[in-house]
Amino acid sequence: QVQLVESGGGLVQAGGSLRLSCAASGNIFSINAMGWYRQAPGKQRELVAAITSGGMPNYADSVKGRLTISRDNAKNTVYLQMNSLKPEDTAVYYCNANIRGTTGWRSINYWGQGTQVTVSS
């Protein structure tokens, strides 16, 4: 009923940039907060950045000043611009969105399939 489809991952050298996109589709009534998480091998999934429906961002301390989250509500899409990438940013990045569907009144957290970001030193 609702899908999150990510794109934009890949391999980049340290200091380089990547832009991730995540588009929500399906039976959507409204989208609340959207965000990006990441999971490196052997580590727990962690919040990277989140953004409210009104556009207020929140970042993990480790990415402040280097990563920027934004969203286009007309396109139901959230973006993550990643600059000055470091090898420790290497992980699978997952999109998350809290979405209310067109049926019922509950909002549910949905996840994307994940996209690999690899930063070489």
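It should be noted that the structure appears before, not after, this text.
Residues numbered from 1 in each chain as written. Predicted model: local features only at pLDDT ≥ 70, side-chain atom pairs only at ≥ 80, totals over all residues. Heavy atoms only, no water.

**Describing the overall build of the chain**
What counts here: Numbering of helices and strands runs from the N terminus, with a helix taken as a DSSP run of H or I at least four residues long and a strand as a DSSP run of E at least two residues long. Exposed residues in this analysis have more than 50% of their type's maximum accessible area, buried residues have under 20%, and partly exposed residues fall in between, with area computed by a 1.4 Å probe over protein chains only. The contact definition used throughout considers only heavy atoms, calling two residues in contact when any of these lie within 4.5 Å. Surface accessibility in these figures is a Shrake-Rupley result with a 1.4 Å probe; residues are shielded only by whichever protein chains are displayed. His is not counted here, nor are the chain ends, while Lys and Arg score as positive and Asp and Glu score as negative. Taken as the charge centre is NZ of Lys, CZ of Arg, CG of Asp or CD of Glu, depending on the residue.
Secondary structure assignment for the chain yields zero helices and eleven strands. Along the chain, helices (α) and strands (β) appear in the sequence β-β-β-β-β-β-β-β-β-β-β when read from the amino end. Once the C-alpha set of the chain is aligned to its principal axes, its extents read approximately 50 × 25 × 20 Å. Here the chain holds 121 residues, and 39% of them are scored as buried. In the chain, the proportion of contacts linking residues at least 24 apart, taken out of those at least 6 apart, comes to 56%. By element, 48% of the accessible surface of the chain is carried by carbon and sulfur atoms, the whole surface being about 6,600 Å². Once the 11 positive and 6 negative side-chain charges of the chain are each reduced to a mean point, those two points are 6 Å apart.

**Focus on the sheet that holds strand β1 (residues 2-7)**
Strand pairing within a sheet occurs via backbone hydrogen bonds; the two strands may be parallel or antiparallel. Put simply, the rule reads: Pairing between strands is defined by DSSP: at least two bridges between them are needed. Between N-to-C directions, angles cover 0 to 180 degrees, with each direction set by a line fitted to C-alpha atoms, over the stretch in contact for helices.
Strand order in the open sheet formed by four strands is β1-β3-β8-β7, with antiparallel pairing between adjacent strands. What marks the edges here is a single partner per strand, and that holds for β1 and β7 (67-72). Each strand of the sheet is rotated relative to its neighbour by a mean of 15 degrees, with strand direction disregarded. Across six bridges, the pairing between β7 and strand β8 (residues 77-82) is antiparallel. What sits directly across from Ser70, in β8, is Tyr79.

**Observations concerning the packing of aromatic side chains**
Remark: the centre distance and the inter-plane angle together describe each pair of aromatic rings, the angle taken between the planes. This is how the line gets drawn: By convention, a stacked pair of Phe, Tyr or Trp rings (six-membered ring in the case of Trp) has centres within 6.5 Å and planes under 30 degrees apart, an edge-to-face pair has planes over 60 apart, and any other such pair is tilted. Placement of a charge over a ring requires the Lys NZ or Arg CZ to be within 6 Å of the ring centre, with the centre-to-atom vector within 35 degrees of the ring normal.
One pass over the structure, following the stated rule, counts one aromatic pair. Seen from their ring centres, Tyr37 and Trp111 are 5.0 Å apart, and the 65 degrees between their planes marks the pair as edge-to-face. With Tyr37 in strand β4 (residues 28-39) and Trp111 in strand β10 (residues 107-111), the pair connects residues that are 74 residues apart, well separated along the chain. With a relative accessible area of 24%, Tyr37 lands in the partly exposed category. The positively charged end of Arg45 is found above the aromatic ring belonging to Trp111, 4.7 Å away from the centroid.

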